[in-house]
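# Descriptive analysis of the structure
These are the residues of each chain, in order.
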Number of protein chains: 2
Amino acid sequence: IPLSAGLGSSAATSVATVAALKEYFGVGSDLERIRSDAHAVELRVQGAASPIDTAIATHGGYVLVEQGTVQHVQLPALQLLVGCVDSIPLSMGTAKASDLSLKTKALVAGVRARKEHFPAIFEAISNAADELTVEAIQALEAGDTIKLGVLLNSNHGLLDAIGVVPRRLSSLVKVAQSLGALGAKVTGAGGSDELGGIGSVLVLPGRNEAKIRAAMELEGALAMPVRTGGAGLKIEQFASADR
Amino acid sequence: IPLSAGLGSSAATSVATVAALKEYFGVGSDLERIRSDAHAVELRVQGAASPIDTAIATHGGYVLVEQGTVQHVQLPALQLLVGCVDSIPLSMGTAKASDLSLKTKALVAGVRARKEHFPAIFEAISNAADELTVEAIQALEAGDTIKLGVLLNSNHGLLDAIGVVPRRLSSLVKVAQSLGALGAKVTGAGGSDELGGIGSVLVLPGRNEAKIRAAMELEGALAMPVRTGGAGLKIEQFASADR
């Protein structure tokens, strides 16, 4: 998973580390406990963390988080394209990486400031996003990818309205849309131009996957085909060399 | 005014023609009557028309339209950049021009269809837009261009959420934003990729006007500095040659 690109790499790392440590020290616990411990780690380290990322990394599939409560939902898998710009290379030093992580905090702080200045606007946008989620779940249940695509596009606009769509991510979304993608949006993380525009987009490509993928790569993005609904945490035992 | 680019060229033409005909036939009437007659012409020809465009073309300055009622408001002038892509050349034949005008109808029909499919989402977005307008008027009254810019950016996102932001206009807005514009948005008309992506954007450039203007021109747009609050209809008498 590309780092610091809004794709949940820190959640995946936290979940895997918590699970490995529990296993190593023989204090294995159930998945839900691993999830909440990993989420607690993220909260402590980052100050703020979405419970969605750790829930997905632990349980796989689809999850719905309402008021902090994690609910596992059964929905059909989807073929998506993830486009990612300017992710942090694995070779990056921790000082630089932690600097970028401060940028995420600045992004969140910017959204919070706008929300405090314009509470009525943000409440209306939040209501629109809630309605969108309800409709999107129904579209997924019905396998209606055309409807889902319209909802992805609309959600992208709402994210732009709260100020988390930088130029390069916007460009990826618009390229995909103009090439016939059913829908496209920035991921939850988003980004901002002042903070380097790092981040990812999600594309529901429909029949034009190859063309859209090529166009995203021409825009300088890492374009990855992804199938949703994958497995979550998997604990594998292996014989150590000195046993 | 570039034609069919969402800049009110048809309203300006209607108002000027109605006023000239009234003057010629000696049935001169007050400005408000000219405005409503010109709006009626637009409605008959286009099927649908915003009362805003004819109101501005007649009265100049700023107008606020609520439930069809036109209200003249006094607000300070602003220095803006208007960026316009793919406007219709004056030399274009009427058949082609009328084809493009059908495209505007298709754009409006697309928004209406999405609104009918997702009434709750569109109502929430509409509430957000209403709140935004109230805040924007306050920002204009206070001369708070920083606040106004944030609101322009947010309004752009809402327009994207209802599906009227095509790739090239999006690109102009994002270029301006990333170069430090206080705010940027597509104009009311918007556009769509399937319909050629014709349209205009409005930029509140702040201190970076020259840089943003150059960047918009590099994107292939016609970039025009515009000062708001200009005069409306002006009837000038001139001596004809045979009198």
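For the structure itself, look to the data block above.
The paragraphs below set out a description of the structure included in this document. (Residues numbered from 1 in each chain as written. Chains lettered and ligands numbered in written order. Predicted model: local features only at pLDDT ≥ 70, side-chain atom pairs only at ≥ 80, totals over all residues. Heavy atoms only, no water.)

## Some words on the interface of chain B and chain A
The accessible area lost on association of the parts is a frequent measure of interface size. Short version of the rule: Any two residues whose heavy atoms approach within 4.5 Å are treated as being in contact. As a working definition, buried area equals the accessible area (1.4 Å probe) given up by two parts on being put together, with both sides summed. Criterion for a salt bridge: a side-chain nitrogen of Lys or Arg within 4 Å of a carboxyl oxygen of Asp or Glu. Any pair of nitrogen or oxygen atoms within 3.5 Å is treated as a polar contact; in protein, a donor-acceptor pairing is required on top of that, and neighbouring residues in sequence qualify only through side-chain atoms on both sides. Numbering of helices and strands runs from the N terminus, with a helix taken as a DSSP run of H or I at least four residues long and a strand as a DSSP run of E at least two residues long. Under the convention adopted here, Pro, Cys and the residues Ala, Val, Leu, Ile, Met, Phe, Trp and Tyr are nonpolar, Asp, Glu, Lys and Arg are charged, and Gly plus all remaining residues are polar.
Contacts between chain B and chain A engage 32 residues on the former and 32 residues on the latter. Interface area, chain B with chain A, both sides summed: about 2400 Å², of which 66% is carbon and sulfur. Across the chain B-chain A interface, the total number found is four salt bridges. Put simply, chain B and chain A have seven residue pairs in polar contact (both at pLDDT 80 or more) between them. Sorting elements by how many residues they give to the side of chain B that touches chain A places helix α6 (residues 145-161) of chain B first, with ten residues. Along the lines of polarity and charge, the residues of the side of chain B that touches chain A split into 14 nonpolar, nine polar and nine charged.

## Considering the side chain of A:His39
Note that A:His39 resides in helix α2 (residues 31-46). Those residues in contact with A:His39 that sit more than four places away from it in its chain are A:Ala49, A:Ser50, A:Pro51 and A:Thr54.

## Description of the environment of B:Glu32
Residue and element names in this part refer to chain B. Relative to the helices and strands, Glu-32 is located in helix α2 (residues 31-46). C-alpha separation for the pair Glu-32 and Ala-55, spaced 23 residues apart in sequence, amounts to 8.4 Å. Polar contacts involving the side chain of Glu-32 include one to the side chain of His-59, which spans 2.9 Å.

## Here's the deal with the packing of aromatic side chains
Two aromatic rings, taken as a pair, are described by how far apart their centres are and by the angle between their planes. All names here are of chain A. As a reminder, the rule being used: Only Phe, Tyr and Trp rings are paired, with Trp represented by its six-membered ring, and only when their centres lie within 6.5 Å; those with planes under 30 degrees apart are stacked, over 60 edge-to-face, the remainder tilted. Remark: exposure states derive from per-residue accessible area (1.4 Å probe, protein chains only) relative to the maximum for the residue type, with buried under 20%, exposed over 50%, and partly exposed in between.
This structure, assessed with the given rule, holds two aromatic pairs over all chains. An angle of 85° between the planes, with centres 5.1 Å apart, marks the rings of Tyr-24 and Phe-25 as edge-to-face. In this structure Tyr-24 comes out as exposed when scored by relative accessible area, which is 67%. Residue classification places Phe-25 among the exposed positions, given a relative accessible area of 59%.

## Some remarks on the relation of the copies chain B and chain A
Heads up, the rule is: Copy-to-copy alignment: least squares on C-alpha atoms, limited to residues at pLDDT 70 or above in both.
Once turned by 180° and shifted 0.0 Å along the axis, chain B lies on chain A with an RMSD of 0.0 Å. Read as a symmetry element, the transformation amounts to a two-fold axis. Of the C-alpha atoms belonging to chain B, the one lying closest to the rotation axis is found on B:Gly157, 2.2 Å away. Interface residue correspondence from chain B to chain A reaches 100%, placing this contact among same-surface, isologous pairings.

## Considering the sheet that holds strand β4 (residues 183-186) of chain A
Either a parallel or an antiparallel arrangement is found when strands of a sheet pair, and the pairing is made through backbone hydrogen bonds. Residue and element names in this part refer to chain A. Convention followed: Between any two strands, at least two bridges found by DSSP are needed for them to pair. Between N-to-C directions, angles cover 0 to 180 degrees, with each direction set by a line fitted to C-alpha atoms, over the stretch in contact for helices.
Taken in spatial order, the four strands make up an open sheet running β4-β5-β3-β6, and their pairing is antiparallel. Edge strands, defined here as strands with exactly one partner in the open sheet, are β4 and β6 (222-227). Mean inter-strand twist for the sheet, computed between neighbouring axes without regard to direction, equals 20°. Across six bridges, strand β3 (residues 79-85) lies against β6 in antiparallel orientation.

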